[in-house]
Amino acid sequence: MGKNSKKQTKASRKLGLPAGALVHVGEIKTDPPRISLIEFDTQGLRETRFESIEASRQHQTIHEKLWLNVHGLHDPAVMAEIGRRFGLHPLIQEDILNTQQRPKSDEFADYIYIAARCYEAVQENGRLVSDQVSIVLGRNFLLTFQERATGTFETIRERLRADSSPLRTHGLDYLAYTLLDTLVDRYFVALDRLGEMAEELEERALNQPSTQLLGEINRVKHEAVLLRRAVWPLREVLNTLTRADGTFFSAHTRLYLRDIYDHTVHVLESLESVRDLLADLLDIYLSSVSNRLNAEVRILTVLTTLFMPATLIAGIFGMNFNEMPWLHREDGFVLALGLMGGAATVMAASFWRRNWLKTR
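S.K.: Sorry, what's going on with the confidence of the model for the protein here?
M.R.: Where the model shows low pLDDT, its predicted coordinates should not be examined in detail. Chain-level statistics for the protein give a pLDDT mean of 83 and a share of 88% at 70 or above. Here strand β1 (residues 7-9) stands out as the least confident element of the protein, with mean pLDDT 45; strand β9 (residues 141-146) is the most confident, with 96. Long-range and interchain partners of residues 1-9, a stretch whose pLDDT sits below 50, account for 24 contacts in this model, where long-range means more than four residues apart.

Rendered as structure tokens:
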């Protein structure tokens, strides 16, 4: 497994190359690429993992439907071999290798290509991370390409392994729908995490504003923007698929796609509420900082005011006069200190009754 921060190719490396050139754009998130194949129909199921391209060339399929999945997109040779075997257009292969794609769909004569993003929350720091997921649906095959193994589709594989699974009886378009539905369900999880972080930040903004908090607010706002960029175009993709002529998605499956479309609308509406809360957090933060500063200035002002009588009395007794009250008395110094303390006490009690000494 390669480090997530390891970069292989920048988008600028594609400058000057012809359209359809196979160049990986993004991060290396798994090394080496892993290829798995699930063949299935109503008669049975077989799973195969390929360690190399050469091993895949010797494989003979025995079931009607194929689901080929690839983890790791940084090897153009693997993409070229898959493109040759399934007749993928070079532009589609180029889009799959570019992990910075905007969610979209492209329909060809023999297959349809769908690009989407998968979101999950990192347990260590709670941040949201996303990976590109490419889906190619053909007449008798389904191809999925993921940047790394996240376990997103593992529950679907478990359902396929069951002998009585409806996924085996339905067409591959229903399996493609199931994959898209799983991705959209992940958006709800990401949305819930954003909402929780926004509420935590709101509580801290009211009680413990700090410069670190301001940075976290901006980070969560950025994650909300990225999530919206993933959901908004996916909604348009699903809307297009539900209105298609049924070449790749049957009328039965398009009803389920319409349900996913409704889910994306729900995500966007909920996301707008979270974004409004995050936008208000900056105002809350500035107000909290201002109120806290005002309270601190008020306390300093009250303390200064409490010492003003002592300063006045000390200044009076410090004048160069031969005759002054208490000047020649043995207890004059104690009386002067008592007068200073008494004046400060009376003022402090007055300030306390007026709630001037409270910070909240």
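S.K.: Would you explain the packing of helix α2 (residues 76-86) against helix α3 (residues 90-97) in this entry?
M.R.: A pair of packed helices can be characterised by two numbers: the angle between their axes and the separation between those axes. In the contact formed by α2 and α3, the axes pass within 10 Å of each other and the chain directions differ by 145 degrees. Our pair here, α2 against α3, has a crossing hand that is right-handed. Taking contact as the criterion, the partners of Pro 76, Met 79, Ala 80 and Gly 83 in α2 are, on α3, Gln 93, Ile 96 and Leu 97. A class-by-class count of the residues in the contact of α2 with α3 yields five nonpolar, two polar and no charged.

S.K.: When you look at the pairing of strand β7 (residues 111-121) in this model, what are you seeing that I'm missing?
M.R.: If a strand is regular, its side chains alternate between the two faces of the sheet. Within β7, nine of the eleven residues are buried, which leaves the element mostly enclosed by the surrounding structure. As defined by bridge partners, strand β6 (residues 104-107) adjoins β7 across four bridges and the pair is classed as antiparallel. Considered in β7, the bridge of Lys 104 is made with Ala 115. In textbook terms, the turn of a hairpin is the stretch between consecutive antiparallel strands, and for β6 and β7 this stretch comprises three residues. Taken together, the eleven bridges between β7 and strand β8 (residues 128-138) define a ladder with antiparallel strand orientation. Counted as the bridge partner of Tyr 113 is Val 136 from β8.

S.K.: Is there a simple way to explain the layout of surface pockets in this structure?
M.R.: Empty space among the atoms becomes apparent when a probe as large as a water molecule is rolled across them. The computed volume of the second largest pocket comes to approximately 420 Å³. Lining the second largest pocket are 25 residues, and of these Arg 34, Ile 35, Ser 36, Arg 49 and His 71 sit closest to its centre. Those elements giving two or more residues to the lining of the second largest pocket turn out to be β3 (34-41), β4 (44-50) and α4 (154-161). Counting residues per element, the lining of the second largest pocket draws most heavily on β3, at five residues.

S.K.: Sorry if this is basic, but what is going on with the pattern of salt bridges here?
M.R.: Opposite charge on two side chains makes pairing possible when the charged atoms of those side chains draw close. According to the stated counting rule, one finds 22 salt bridges in the structure shown. Here Glu 154 makes a salt bridge to Arg 157, at a shortest N to O gap of 3.6 Å. Remark: Arg 157 and Glu 154 occur in helix α4; sequence separation between them is three residues, near one turn of the helix. Arg 157 gets classed as buried once you look at its relative accessible area, which sits at 10%.

The rules behind each value
Residues numbered from 1 in each chain as written. Predicted model: local features only at pLDDT ≥ 70, side-chain atom pairs only at ≥ 80, totals over all residues. Heavy atoms only, no water. pLDDT = per-residue confidence, 0-100. Helix = DSSP H or I, 4+ residues; strand = E, 2+ residues; numbered from the N terminus. Contact = heavy atoms within 4.5 Å. Axes fitted to C-alpha atoms, helices over the stretch in contact; angles between N-to-C directions. Left-handed = near helix turned anticlockwise from the far one by under 90°. Nonpolar A, V, L, I, M, F, W, Y, C, P; charged D, E, K, R; others polar. Buried < 20%, exposed > 50% of the residue type's maximum accessible area, 1.4 Å probe, protein only. Pairing = 2+ DSSP bridges. 1 Å grid on protein atoms, 1.4 Å probe; cavity = no way out; pocket = protein on both sides within 12 Å on 5 of 7 lines; lining within 4 Å. Points joined across faces, edges and corners; volume = space filled by probe spheres on them. Salt bridge = Lys/Arg side-chain N within 4 Å of Asp/Glu carboxyl O.

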